[in-house]
Amino acid sequence: MELNPEIYEKKIVVNKKDLDKQQHVNNVQYVQWVQDVAEEHWEKRASEEQKSKVIWVVVKHEINYKKEAFLNDPISLQTYVGDATHVTSIRHVIIKNAETDKLLAEAKTTWCLLDKETKKPVKISEELKKVFLQ
């Protein structure tokens, strides 16, 4: 049986605090959504033991903005974990209008795994990689 990355989805609705002066979703809000959906995916999938030992920190964000989103737009945030190195993994986030299915933004974020106490990088084990597979 081949294992594929689990696609985790969260749906939200754009509210007033998400908007900028042009009355569309602020670019900074997209970054927050990218982090929020990644953290939520980790919290839902990882065991309590895993969460007690390690934490993830962002090393790099890359976001391509495609279309604007506006007040009350329904948003779909889909995320999955792609390639992993010794201590980092690449997480992808696809942000779409949930009604029209139009792509709003795509993000690729590099996360580094740290020991929760020492804050030093630790190896991503095969067991930990399986947390994000289906």
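Residues numbered from 1 in each chain as written. Predicted model: local features only at pLDDT ≥ 70, side-chain atom pairs only at ≥ 80, totals over all residues. Heavy atoms only, no water.

**Remarks on the layout of surface pockets**
Space inside the largest pocket adds up to approximately 210 Å³. Considering the residues around the largest pocket, the lining is formed by 14 residues, among which E39, W42, I55, W56 and W111 are closest to the centre. Among the elements of the structure, α1 (27–45), β2 (54–65) and β4 (88–97) are those that each provide at least two residues to the lining of the largest pocket. Among the elements that take part in the lining of the largest pocket, α1 stands out by supplying four residues, more than any other. (1 Å grid on protein atoms, 1.4 Å probe; cavity = no way out; pocket = protein on both sides within 12 Å on 5 of 7 lines; lining within 4 Å. Points joined across faces, edges and corners; volume = space filled by probe spheres on them. Helix = DSSP H or I, 4+ residues; strand = E, 2+ residues; numbered from the N terminus.)

**Here's the deal with the pattern of salt bridges**
Applying the stated criterion to the full structure yields nine salt bridges. Of the charged contacts in the structure, one is a salt bridge between D18 and K17, with a shortest N-O distance of 3.3 Å. On the basis of relative accessible area, D18 is assigned to the buried category, the value being 3%. In this structure, E62 engages K60 in a salt bridge whose closest nitrogen and oxygen atoms are separated by 3.5 Å. Classification of E62 by relative accessible area gives partly exposed; the value is 35%. (Salt bridge = Lys/Arg side-chain N within 4 Å of Asp/Glu carboxyl O. Buried < 20%, exposed > 50% of the residue type's maximum accessible area, 1.4 Å probe, protein only.)

**Remarks on the pairing of β4**
Within β4, seven of the ten residues are buried, which leaves it mostly tucked inside the rest of the structure. Two elements, strand β3 (residues 74–84) and β4, share eight bridges in a ladder whose sense is antiparallel. Bridge pairing in β4 places T79 opposite V93. The antiparallel hairpin formed by β3 and β4 contains three residues in its connecting segment. The turn linking β4 back onto strand β5 (residues 103–115) is made up of five residues, and D101 within it adopts a positive phi angle of 65°. (Pairing = 2+ DSSP bridges.)

**Quick notes on α1**
Here α1 spans 28 Å end to end across 19 residues, near enough to the 27 Å set by a 1.5 Å rise per residue. Along α1, the residues classified as buried are Q29, Y30, W33, V34, V37, A38, H41 and W42. One side-chain oxygen of the residue at the start of α1 lies 2.8 Å from the amide nitrogen of V28, identifying that residue as N26. (Expected span 1.5 Å × (residues − 1). Polar contact = N/O pair within 3.5 Å; in protein donor to acceptor, adjacent residues only side chain to side chain.)

**Notes on unusual backbone geometry**
Among all residues except glycine, the phi angle is most often negative; among peptide bonds, the trans geometry is most common. Residues other than glycine seldom take positive phi values, yet Q23 does so here, at roughly 65°. For Q23, the position within the fold is in the loop between β1 (8–13) and α1. With phi around 75°, N72 is a residue other than glycine that occupies positive phi space. Tracing the sequence through the fold places N72 in the loop between β2 and β3. Judged by its relative accessible area of 56%, N72 falls in the exposed class.

**Overview of the pairing of β3**
In the sheet, β1 pairs with β3 via six bridges, with the strands oriented antiparallel. Considered in β3, the bridge of I12 is made with I75.

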